[in-house]
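# Topology and contacts: notes
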Amino acid sequence: MTGIGKNEITTIQYVLLIHGTQVGIGVLTMPRELASIAGTDGWMSIVLGWGIAVVASLLLLNAMKHYPDKTIVEILPLLLGKWLGNTAAVLIVLYCLFGAITVFAYSVSLINIWLLTQTPGYIIVILFIIPLYQVMKGGVRVLGRYSELIFYLTLWMFPVLFFTWPKLNGIHLLPLFKEGWKPILQASQSTILSFLGFELAFFWYPFLQRKQYAVAGMLVANTLSMLVFLTVTILCYSLFSPDEITQFTWPTLGLCKVIEFRFLERFDIVFLAFYLFVLSTTGIPYMYLTVFSTSRLLGSKNHLGYLKLILLLITVAAVMYTPSFSDLKKMVDYWGRTGMVIGYAIPCLLAGLLMFMGKKAGERSG
């Protein structure tokens, strides 16, 4: 048993936990990545990526419903045996840890480049550590409430991007299918990675109060993320020319730079400051699940000791090493490749394994 106790989450919290994890780094860089591969047709790849993520999500939930009260680290030893199952569980924990560190380092780098250029990275890390600890020590229910709160607090951000409307030029979206389907399919790989976050349902599912809404909630979360990706990408495409957009490292922030109000000149700074809260809903779940799963693998029901240890190690690492931008790009790339296995391959393998076991059980009973 997972020790769910009073940590159950509502369907809304389940949806927003998944949606918050998906809408992270990808929103800032996706328009450039898609334009560099598929040109003006890049936005279509988002719809393809959504379709693939939905199929993988449904396979995942179909596998999880066989063990409604257990997380993936408890299911794997039952399916694969103690040693092989625990080894696979450790790999998943390492994936969560790598995801948390990547998002954390990326957020600190963004602050260093856009907001606090003279502040050492480790000072920013120390400032982050205290609120992170306060949120994660409360358990899954507090994480769910935090994701819900951040969603409502930042709900205004994407509608405000439509203030660029007078400067948009729809001709930048044409022609459609300029080079056929091949570049659209190639670009869908990067959108598949941006939909990562649904795989954390491996952990959220046992805590969901009304599991009959798990499938609907997953569809809503994926669709919500797709609408955000699609809106931002089409706005960036309409504002910048196909060649111009590839020159921006973070085209979404470039989009914000053209928005000006009489009482506020640098809207991009305000946007980024609030977007850091959105990024926190991506990184915190990965970090929490790292310490939560580690405590369960080591036979403990209290994750606080492991949480303090990992936050201390991150602080020490930040003092000793500051990753360059090229290092961050490599980290995001490696994390994405690992996520392809954890998020897309494991649900397929689990579904196949459970189907095989069900068939064998049927043969024995027949």
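Residues numbered from 1 in each chain as written. Predicted model: local features only at pLDDT ≥ 70, side-chain atom pairs only at ≥ 80, totals over all residues. Heavy atoms only, no water.

By the naming in an unreviewed UniProt entry, the protein goes by Endospore germination permease and is assigned to Brevibacillus brevis. The record held by UniProt for the protein lists under Subcellular location (unreviewed entry) the comment "Membrane". (UniProt positions renumbered as here; feature names shortened; annotations may be inferred.)

### Looking at the overall build of the protein
When its secondary structure is counted, the protein shows 16 helices and zero strands. In summary, the protein has a C-alpha radius of gyration of 21 Å against a globular reference of 21 Å for 366 residues, a match within 12%. When its C-alpha atoms are laid out on the principal axes, the protein stretches across 70 × 50 × 35 Å. Taken across its 366 residues, the protein has 51% of its residues classed as buried. A separation threshold of at least 6 residues defines the contact pool for the protein, and within that pool the share at least 24 residues apart is 84%. Summing over all exposed atoms, the protein offers an accessible surface of approximately 17,000 Å²; the carbon and sulfur share of this is 67%. (Helix = DSSP H or I, 4+ residues; strand = E, 2+ residues; numbered from the N terminus. Rg over C-alpha atoms; globule rule 2.2 N^0.38 Å. Buried < 20%, exposed > 50% of the residue type's maximum accessible area, 1.4 Å probe, protein only. Contact = heavy atoms within 4.5 Å. Areas by Shrake-Rupley, 256 points an atom, 1.4 Å probe, with all protein chains shown as cover.)

### So, the environment of Met44
The topology assignment puts Met44 in helix H3 (residues 42-64). Residues Met44 and Leu185, spaced 141 residues apart in sequence, show a C-alpha to C-alpha distance of 9.0 Å. If we skip the residues at most four places from it in the chain, Met44 touches Leu176, Phe177 and Ile184.

### Looking at the packing of helix H2 (residues 25-38) against helix H11 (residues 214-239)
It is at 9 Å that the axes of H2 and H11 come closest, and there the two elements cross at 60°. The angle between the axes of H2 and H11 places the two elements in the oblique class. Once H2 is placed against H11, the crossing between them reads as right-handed. Between H2 and H11, the residues in contact are Val27, Met30, Pro31, Leu34 and Ala35 and Val228, Phe229, Val232, Thr233, Cys236 and Tyr237, respectively. Along the lines of polarity and charge, the residues of the contact of H2 with H11 split into 10 nonpolar, one polar and no charged. (Axes fitted to C-alpha atoms, helices over the stretch in contact; angles between N-to-C directions. Parallel < 35°, antiparallel > 145°, perpendicular 65-115°, else oblique. Left-handed = near helix turned anticlockwise from the far one by under 90°. Nonpolar A, V, L, I, M, F, W, Y, C, P; charged D, E, K, R; others polar.)

### A word on the side chain of Ser57
For Ser57, the position within the fold is in helix H3. Side chain to side chain, Ser57 and Asn222 meet in a polar contact 3.2 Å long. Those residues in contact with Ser57, other than ones at most four positions away along the chain, are Phe198, Met218 and Asn222. (Polar contact = N/O pair within 3.5 Å; in protein donor to acceptor, adjacent residues only side chain to side chain.)

### Regarding the packing of aromatic side chains
Under the counting rule described, the total for this entry stands at 18 aromatic pairs. With centroids separated by 6.3 Å and ring planes inclined at 65°, the aromatic side chains of Trp114 and Trp250 adopt a geometry described as edge-to-face. Residue Trp114 is found in helix H5 (residues 82-115), and its partner Trp250 is found in the loop between helix H12 (242-245) and helix H13 (251-257); the two are separated by 136 residues along the sequence. What makes Trp250 buried here is its relative accessible area of 9%. Taking the centre distance of 4.5 Å and the plane angle of 40° together, the rings of Phe240 and Phe248 count as tilted. Grouped by ring-pair contacts, the aromatic residues Trp156, Phe158, Phe267, Phe271, Phe274, Tyr275 and Phe277 constitute a single cluster. Above the plane of the ring of Trp83 lies Lys82, whose end atom (NZ or CZ) is 5.7 Å from the centre. Over the face of the ring belonging to Tyr205 we find Lys211, whose NZ or CZ atom lies 5.8 Å from the ring centre. (Phe/Tyr/Trp six-rings, centres within 6.5 Å; stacked < 30°, edge-to-face > 60°. Lys NZ or Arg CZ within 6 Å of the ring centre and 35° of its normal.)

### Describing the packing of helix H14 (residues 267-297) against helix H15 (residues 304-320)
Between H14 and H15, the least distance of the axes is 9 Å, while the angle of their chain directions is 130°. Judged by the angle between their axes, H14 and H15 are oblique. Once H14 is placed against H15, the crossing between them reads as right-handed. Contacts between H14 and H15 involve Met287, Thr290, Val291, Thr294 and Ser295 from the first element and Tyr306, Leu307, Ile310, Leu311 and Ile314 from the second. Looking at the contact of H14 with H15, its residues break down into seven nonpolar, three polar and no charged.

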